[in-house]
Amino acid sequence: MATHSQSDLSAGPNLMSDARSCRDERLAFDRPDRAKSDESRDPGRILVVDDDPMLRQMVVNYLNENNMRAVSAAGRQEMARHFAESEPNLVILDLRLGEEDGLDLLREIRSHSDVPVIIATGQRSDEVDRIVGLELGADYCIVKPFSLRELFARIRAVLRRQEMGRAVRACDPERGGYRFDGWRLDRRGRRLVDRNEAPVRLSKGEYALLLAFLEAPQRPLTREHLLQATRIHEDIFDRSIDVQVLRLRRKLEIDPSSPRAIQTERGVGYVFALPVEPF
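Residues numbered from 1 in each chain as written. Predicted model: local features only at pLDDT ≥ 70, side-chain atom pairs only at ≥ 80, totals over all residues. Heavy atoms only, no water.

Enquirer: Help me out: how do you make sense of the pairing of strand β7 (residues 140-143) in this one?
Expert: Note on strand geometry: in a regular strand, side chains alternate between the two faces of the sheet. Burial along β7 is two-sided: Tyr140 and Ile142 facing one way and Cys141 and Val143 facing the other are all buried. Bridge count between strand β6 (residues 117-121) and β7: four bridges; the pairing is parallel. Bridging across to β7, Ile118 finds its partner in Tyr140. (Buried < 20%, exposed > 50% of the residue type's maximum accessible area, 1.4 Å probe, protein only. Helix = DSSP H or I, 4+ residues; strand = E, 2+ residues; numbered from the N terminus. Pairing = 2+ DSSP bridges.)

Shown next, in the form of structure tokens:
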């Protein structure tokens, strides 16, 4: 990670000024009249993964002082230890971790967990890492130097969406699923199985995209429709649908360059061309 200059830390509102004032200026989240609101629930444990010890401690202190339990890790080894002890409720992950690649750590997290992840990038021009991080399953991207208040609000928003998702799933446990061309998608377990009964891992975006296709088979779907169907995070890019389709084709098709299932509909978007049977 690039070293933070004094000018970066002194720009307002910024990390240093937020850290100084956090004891005196509580957000509405901490006021007594909001104590019984949904937003005052215990958010669980937040894991901050960053190799900058000063920034890491500032974030942890601020979150702890604002009724969030936060712990920190400097890299992969400490992060793995925290996950082994107890999976956190949310991870704040810097993509610049010295000799380690934050994107690799994000892939590692997504290989075994759907825990919400907020990624942090060091430069506004670092668009490639930002897009790749979101495509790998990050829930939001924040750019350094950032305000601690902004980070706090974003954490609350991501956790709130997660809680709403749990409530929806409790009312609709997503029974059943879909069969197509020997494949099976189990909605309850969010599990895709190929013709040989082997499980095929899907990212959150790939699962949402495949579900959108299977719910409307053999009907042309616009990119705008697919964007809405796969809106698992707010910071989404129009061309990301094409990237997701390409990745899904690689998992479903024998020859992704000549797809049988997900076909391009010129001037419209895409169509799932195979018959689909719900179960």
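Enquirer: Help me out: how do you make sense of the packing of aromatic side chains in this one?
Expert: Remark: the centre distance and the inter-plane angle together describe each pair of aromatic rings, the angle taken between the planes. Across all of its chains, the model carries four aromatic pairs by this definition. Both rings, one in Tyr62 and one in Phe152, keep their centres 6.2 Å apart while their planes meet at 85°; by these two values the pair is edge-to-face. Of this pair, Tyr62 sits in helix α3 (residues 53-65) while Phe152 sits in helix α7 (residues 148-171), and the two are 90 residues apart along the sequence. Residue Tyr62 is classed as buried on the basis of its relative accessible area, which comes to 1%. With relative accessibility at 0%, the residue Phe152 sits in the buried group. (Phe/Tyr/Trp six-rings, centres within 6.5 Å; stacked < 30°, edge-to-face > 60°.)

Enquirer: Where do I start with helix α5 (residues 102-110) in this structure?
Expert: It helps to recall that an α-helix has 3.6 residues per turn; residues three or four apart then point in one direction. Within the span of α5, buried status applies to Gly102, Leu103, Leu105, Leu106, Ile109 and Arg110. Within α5, the buried residues cover an arc of 155° as seen down the axis, which keeps them to one side. Residue Asp101 occupies the N-cap position of α5, its side-chain oxygen lying 2.9 Å from the main-chain nitrogen of Leu103. (Arc of directions from axis to C-beta. Polar contact = N/O pair within 3.5 Å; in protein donor to acceptor, adjacent residues only side chain to side chain.)

Enquirer: Please clarify how the sheet that holds strand β14 (residues 269-272) should be interpreted in this entry.
Expert: Each strand in a sheet pairs with another by means of backbone hydrogen bonds, the pair being arranged parallel or else antiparallel. Taken in spatial order, the three strands make up an open sheet running β12-β14-β13, and their pairing is antiparallel. Each edge of the sheet is formed by a strand with only one pairing partner; in this case those strands are β12 (221-222) and β13 (262-265). Here β12 pairs with β14 via two bridges, running antiparallel. If you follow Leu221 over to β14, its bridge partner there is Tyr270.

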